[in-house]
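Residue-level structural notes
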Amino acid sequence: MKPKILMARAVFPEVIAGLQQYFEVESNQEDRIFSAAELASRLQDKDGVIATASERISAELLAASPRLKAVCNQAVGYNNIDVVAATKAGVMVTNTPDVLNETTADFGWALLMATARRVTESEHWLRAGHWKQWRYDSFLGADVHGATLGIIGMGRIGQAIARRSLGFDMQVLYHNRSRLSPELEARANQARYVGKEELLRQADHVILVLPYSKESHHTIGAAELALMKPGATLVNLARGGIVDDLALIAALRDHKIAAAGLDVFENEPALHPDFLDLSNVVLTPHIASASEPTRRAMADCAARNLLAALLPDKDRPFPPNLLNP
Ligand code: 8YV
């Protein structure tokens, strides 16, 4: 008998077909977000689940899922999963690191450039028919080249962002739980380790790429925003809860900082409506990893993780052309 698994969200059909070789798959190709109760009822008879950041895998859910042996997140972040409870219950938890580093770093730059140079704001203005003549002061933004970049969270994605800054002649400051080795600092455009406050005071552009946890909740709130330069930009690629959205809305409205580029929000997708009224913010719907090859690689990685967790002795690998036929 094949183990039973739940694919909690829609995914590339090839992934479902690949998984069906090994598992009895309950899929969700209509892509509904399950309520906690619905998720619990679907997990009743499942041995494994492939989840995304949208599914909360709580201690209660784990306790109510007697057969569950593996929760495989299709994401590098896993703050949606109670890992302590899972470990106690003997449930393996996996994520999809590395495969998304470069794509997410690219998007960090897209948001930084769009935010500093007011790309989306000026496009909206143009589309609304306001462009009648050239003006010396139209959409003046901040320079990116030659500026000081502050990166909070210098993991693999943070380092990939820093490496790209070499081409913009930037100085890089970073703050992290621990300091990188001198070799890694050198590869990350000679990034300099500083305290969070010093970084916020000195950086022209701040990018957040740290994991979300109780400790990193509201890493950026009113006090931190007050330390930033009035012309600074803030980019959040990490998780919504890392920034206090109400404090950020106030800072943007009062021009305490120049602008923000946000791919993640507290309570997403129901982002705070006040963001929509601000012109100095670039808003994207949690798409930093959304290039076609990377989303395929993430799905492939989660599927392989599930296979390794539930059928460790099975002949593998997946047919190599499964996801890129
Ligand atoms: C995912 C992400 O697209 O990997 C992560 O942690 O935030 C994104 O790449 C999203 O979380 C879906 O699970």
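Residues numbered from 1 in each chain as written. Predicted model: local features only at pLDDT ≥ 70, side-chain atom pairs only at ≥ 80, totals over all residues.

You'll find the chain entered in an unreviewed UniProt entry as NAD binding domain of 6-phosphogluconate dehydrogenase family protein, with Collimonas arenae given as the organism. Its UniProt record, at the heading Sequence similarities (unreviewed entry), says of the chain: "Belongs to the D-isomer specific 2-hydroxyacid dehydrogenase family." (UniProt positions renumbered as here; feature names shortened; annotations may be inferred.)

Topic: the UniProt feature "domain: D-isomer specific 2-hydroxyacid dehydrogenase catalytic" (unreviewed entry) in the chain
When the UniProt feature table is mapped to this numbering, "domain: D-isomer specific 2-hydroxyacid dehydrogenase catalytic" (unreviewed entry) covers residues 6-310. What you have in residues 6-310 is 35% helix and 14% strand, and the ends, taken at the C-alpha atoms, are 13 Å apart. (Helix = DSSP H or I, 4+ residues; strand = E, 2+ residues; numbered from the N terminus.)

A closer look at the UniProt feature "domain: D-isomer specific 2-hydroxyacid dehydrogenase NAD-binding" (unreviewed entry) in the chain
In the numbering used here, UniProt assigns the feature "domain: D-isomer specific 2-hydroxyacid dehydrogenase NAD-binding" (unreviewed entry) to residues 110-288. The span residues 110-288 is 30% helical and 15% strand by assignment, and the distance between its end C-alpha atoms comes to 9 Å.

Looking at the nonpolar core
Ranked by size, the top nonpolar core spans 54 residues in total, and within it Ile151, Val172, Val206, Ile207, Leu208, Val209 and Leu237 carry the most contacts. Sorting elements by how many residues they give to this core places helix H5 (residues 101-116) first, with six residues. When neighbours within four sequence positions are excluded, valine 206 is seen to be in contact with Gly150, Ile152, Leu200, Met228, Ala232 and Leu234. (Core = buried A, V, L, I, M, F, W, Y, C linked by C-beta atoms within 7 Å. Buried ≥ 20, exposed ≤ 12 C-beta atoms within 10 Å, placed from the backbone. Contact = placed C-beta atoms within 7 Å.)

A word on the site of the ligand
Taken together, Thr52, Ala53, Gln74, Ala75, Val76, Gly77, Leu100 and Ser289 form the complete shell of residues around the ligand. The class makeup of the residues in the shell around the ligand is four nonpolar, four polar and no charged. (Near = placed C-beta within 6 Å. Nonpolar A, V, L, I, M, F, W, Y, C, P; charged D, E, K, R; others polar.)

Considerations on the sheet that holds strand E4 (residues 70-73)
Strands sit in the order E2-E1-E3-E4-E5 across an open sheet of five strands; the sheet is parallel. The outermost strands of the open sheet, each flanked by one partner alone, are strand E2 (24-26) and strand E5 (92-94). Each neighbouring strand pair of the sheet contributes to a mean axis angle of 15°, computed without reference to strand direction. Here strand E1 (residues 4-7) pairs with strand E3 (residues 48-51) via three bridges, running parallel. Across the sheet, methionine 7 pairs through a bridge with isoleucine 50, a residue of E3. (Pairing = 2+ DSSP bridges. Axes fitted to C-alpha atoms, helices over the stretch in contact; angles between N-to-C directions.)

Examining the domain arrangement of the chain
Looking at the chain, the domain boundaries give domain 1 (4-99 + 291-310) and domain 2 (101-283). A C-alpha centroid distance of 31 Å is found between domain 1 and domain 2. Between domain 1 and domain 2, the residue contacts involve six residues of the former and seven residues of the latter. (Domains from an automatic or database assignment.)

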